[in-house]
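Breakdown of the fold
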Amino acid sequence: MFKYLEKNNNMKLLVYSAKDFEIPFLKSANNNRNEVTYTKNALDSETALQATGYNAISIFSGDDASSIVLEKLWDFGVRYITLRSSGYNNLHIKTAKRFGFHVANASDYSPHAIAEHATALLLALNRKIVLANTQVHKYNFLQDGLLGFNLHGKTVGIIGTGRIGSIMAKIMHGFGCKILAYDQAPDYDLIELCNVTYTPLNELCEESDIISLHIPMNYENYYFINKEKLSLMKKSTILINTSRGELVDTKALIEALEAKNIAGYATDVYEKEKGIFFKDHSKNGIKDERLKKLLSLTNVLLTPHQAFITKEALTNIAEITFDNLDSWSQGHISKNELGMELINS
């Protein structure tokens with residue numbers, strides 16, 4: 001049990017999955033306070049060895065912080081883990097706390113970035129922006145096949161009205177949409193501000209023209225959108241996912257898209273991103289047949305987990321990352337500490 005930490009002014013941090021575009025933000029936020037090394041390698045059971053000699057690591061959503069990896073990290077001397085993401089389904093929190101790791105995430109780095117990207121995906125898919133752009137670059141200025149629909153007056157179902165979902169609701173309210181929502185903890189301010197109506201999940205699926213997912217990935221939410229939920233949706237429904245790929249059963253989704261049981265799918269995530277996302281496969285291609293099938297469908301728009309890539313979001317992620325380290329180095333619990341209920345139980 002850790003009520004207090006020992007003061008540790010010498011933080012040596014290894015940043016896994018460091019991307020070229022985020023390193024300048026991290027360096028600026030660190031401001032030479034901590035000794036930091038950046039590696040492009042993702043954390044897994046093999047690359048955990050790189051953490052030898054470091055007492056802290058920073059990981060991203062694609063890194064593997066499973067029980068076996070955490071055991072190796074502990075043996076190598078790592079004691080602090082700061083995530084550059086809000087989600088932490090890739091980290092086995094119970095194992096982390098059993099060993100004594102201190103773990104913190106970046107829970108509120110920029111909900112606007114994610115909600116705005118969800119909106120961009122919706123608009124781009126609905127108004128055929130990608131197709132139109134491709135055509136005009138080939139000097140084809142015909143408008144055939146570019147039919148979309150007005151968002152104004154449509155019913156938007158928001159699944160999860162936390163930090164990101166509530167902003168998505170406000171954006172859709174600005175378009176003049178009717179908003180249905182599903183959440184176990186309703187946001188009563190949204191009811192007042194945006195005339196949001198909280199409904200049972202099945203009713204939301206049946207009545208919505210657009211459905212946007214804004215819930216975390218955990219055991220209970222695995223394949224939250226499955227064959228049954230897809231069968232409830234309108235044939236004209238567009239499904240948006242900027243949360244986690246595992247929330248959607250890809251096999252059932254492809255079947256629904258091919259059968260035209262729903263109109264389209266716009267996503268920034270995929271259920272089997274590891275080894276594919278965050279890498280350039282343009283020369284050798286990919287082997288994931290399900291992803292290839294998804295990408296071949298004209299009513300699918302997929303971006304490579306880029307919703308968080310805004311100047312504001314990257315600045316906040318970097319600052320939160322080093323705020324977590326600063327708290328630990330000063331002997332304090334970070335305000336973003338995860339698993340406190342496990343520590344105090």
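A short tour of the structure in this document, coming up. Just so we're clear, the structure is a prediction, and the values are computed from it rather than from any experiment.

It is worth spelling out the environment of Ala181 at this point. Inspection of the secondary structure assignment puts Ala181 in strand E7 (residues 178-182). Under the relative-accessibility criterion, Ala181 is labelled buried at 1%. Not counting residues within four places of it along the chain, the set of residues in contact with Ala181 comprises Ile158, Thr161, Val196, Thr197, Tyr198, Thr199 and Leu204.

So, on to the pattern of salt bridges. Scanning the model with the defined rule gives 11 salt bridges in all. Of the charged contacts, one joins Lys274 and Asp64 as a salt bridge, the two residues approaching to 3.8 Å between their closest N and O atoms. Taken together, the residues Lys274 in the loop between strand E11 (264-267) and helix H11 (289-296) and Asp64 in the loop between strand E3 (56-59) and helix H2 (67-75) connect sequence positions 210 residues apart.

Right, let's talk about helix H4 (residues 111-126) for a bit. Helix length check: H4, at 16 residues, gives a terminal C-alpha distance of 23 Å against a target of 22 Å (1.5 Å per residue), a fit within 8%. Extensive coverage of H4 is indicated by the burial of 12 of its 16 residues. Within H4, burial applies to Pro111, Ala113, Ile114, Ala115, His117, Ala118, Thr119, Leu121, Leu122, Ala124, Leu125 and Asn126. Of the residues trailing H4, Lys128 is marked for its positive phi of about 55 degrees.

Attention now moves to the state of the cysteines. According to the stated counting rule, one finds 0 disulfides in the structure shown. We note that Cys194 lacks a disulfide partner, and the nearest cysteine sulfur, in Cys177, lies 11 Å from it. With no disulfide partner, Cys205 has as its closest neighbouring cysteine sulfur the one in Cys177, 17 Å distant. By relative accessible area, Cys205 is classed as buried at 0%.

Here we come to unusual backbone geometry. Residue Ser17 is not a glycine yet carries a positive backbone phi of 55 degrees. Looking at the secondary structure, you find Ser17 in the loop between strand E1 (12-15) and helix H1 (23-30). Under the relative-accessibility criterion, Ser17 is labelled buried at 11%. With phi around 50 degrees, Asn31 is a residue other than glycine that occupies positive phi space.

Two quantities define a packed helix pair, namely the angle between the helix axes and the distance between the axes. Two elements in contact, H1 and helix H12 (residues 311-329), have axes separated by 8 Å at closest approach and are oriented at 45 degrees. With respect to their mutual orientation, H1 and H12 come out oblique. Viewed along their axes, H1 and H12 form a crossing whose handedness is right-handed. Within the contact between the two elements, H1 uses Phe25, Leu26, Ala29 and Asn30 and H12 uses Lys311, Leu314, Thr315, Ala318, Glu319 and Phe322. Of the residues contributing to the contact of H1 with H12, the split by class is 6 nonpolar, 2 polar and 2 charged.

This part covers the nonpolar core. Ile159, Ile225, Leu230, Leu239, Leu253 and Leu257 are the most contacted members of the largest nonpolar core, which has 30 residues in total. Considering every element that reaches this core, the biggest residue donor is helix H10 (residues 250-258), with 5 residues. The contacts of Ile159, once residues within four sequence positions are left out, are Tyr182, Leu201, Leu204, Ile211, Ser212, Leu213, His214, Ile215, Phe224 and Ile225. Counting residues in hydrophobic clusters, the runner-up holds 24 residues, among them Ala115, Leu122, Ile158 and Ile179.

Here we come to the environment of Ala29. Within the element layout of this structure, Ala29 appears in helix H1. Owing to a relative accessible area of 14%, Ala29 belongs among the buried residues under this scheme. Between the C-alpha atom of Ala29 and that of Ala18, which follows or precedes it by 11 residues, the distance is 15 Å. Here Ala29 is in contact with Ala318, Glu319 and Phe322, once residues within four sequence places are set aside.

Here 5 strands make up an open sheet; going across it, the order is E2-E1-E3-E4-E5 and the pairing parallel. Lying at the two open borders of the sheet, with one neighbouring strand each, are strand E2 (35-38) and strand E5 (102-104). Looking at each pair of strands side by side, their axes are set apart by 20 degrees on average, direction ignored. Here E3 pairs with strand E4 (residues 80-83) via 4 bridges, running parallel. Its bridge partner lying in E4, Ile59 is registered against Leu83. Packed on one face of the sheet, H12 meets E1, E2, E3, E4 and E5 and runs near 155 degrees to E4.

The side-chain alternation of strand E9 (residues 210-213) yields two buried faces, one formed by Ile210 and Ser212 and the other by Ile211 and Leu213. Sheet analysis places strand E6 (residues 155-159) next to E9, joined by 4 bridges and oriented parallel. Each residue of the ladder has a partner; that of Val156, found in E9, is Ile210. With 4 bridges connecting them, E9 and strand E10 (residues 238-241) associate as parallel partners. The residue of E10 that forms the bridge with Leu213 is Asn241. Regarding topology, helix H9 (residues 227-232) serves as the crossover connection from E9 to the parallel E10, and that connection is right-handed.

Definitions and limits used
Residues numbered from 1 in each chain as written. Predicted model: local features only at pLDDT ≥ 70, side-chain atom pairs only at ≥ 80, totals over all residues. Heavy atoms only, no water. Helix = DSSP H or I, 4+ residues; strand = E, 2+ residues; numbered from the N terminus. Buried < 20%, exposed > 50% of the residue type's maximum accessible area, 1.4 Å probe, protein only. Contact = heavy atoms within 4.5 Å. Salt bridge = Lys/Arg side-chain N within 4 Å of Asp/Glu carboxyl O. Expected span 1.5 Å × (residues − 1). Disulfide = S-S within 2.5 Å. Axes fitted to C-alpha atoms, helices over the stretch in contact; angles between N-to-C directions. Parallel < 35°, antiparallel > 145°, perpendicular 65-115°, else oblique. Left-handed = near helix turned anticlockwise from the far one by under 90°. Nonpolar A, V, L, I, M, F, W, Y, C, P; charged D, E, K, R; others polar. Core = buried A, V, L, I, M, F, W, Y, C linked by side-chain atoms within 4.5 Å. Pairing = 2+ DSSP bridges. Right-handed = clockwise from strand over helix to strand, strands pointing away.

In short, the description is geometric, and any link to function would need to be established separately.
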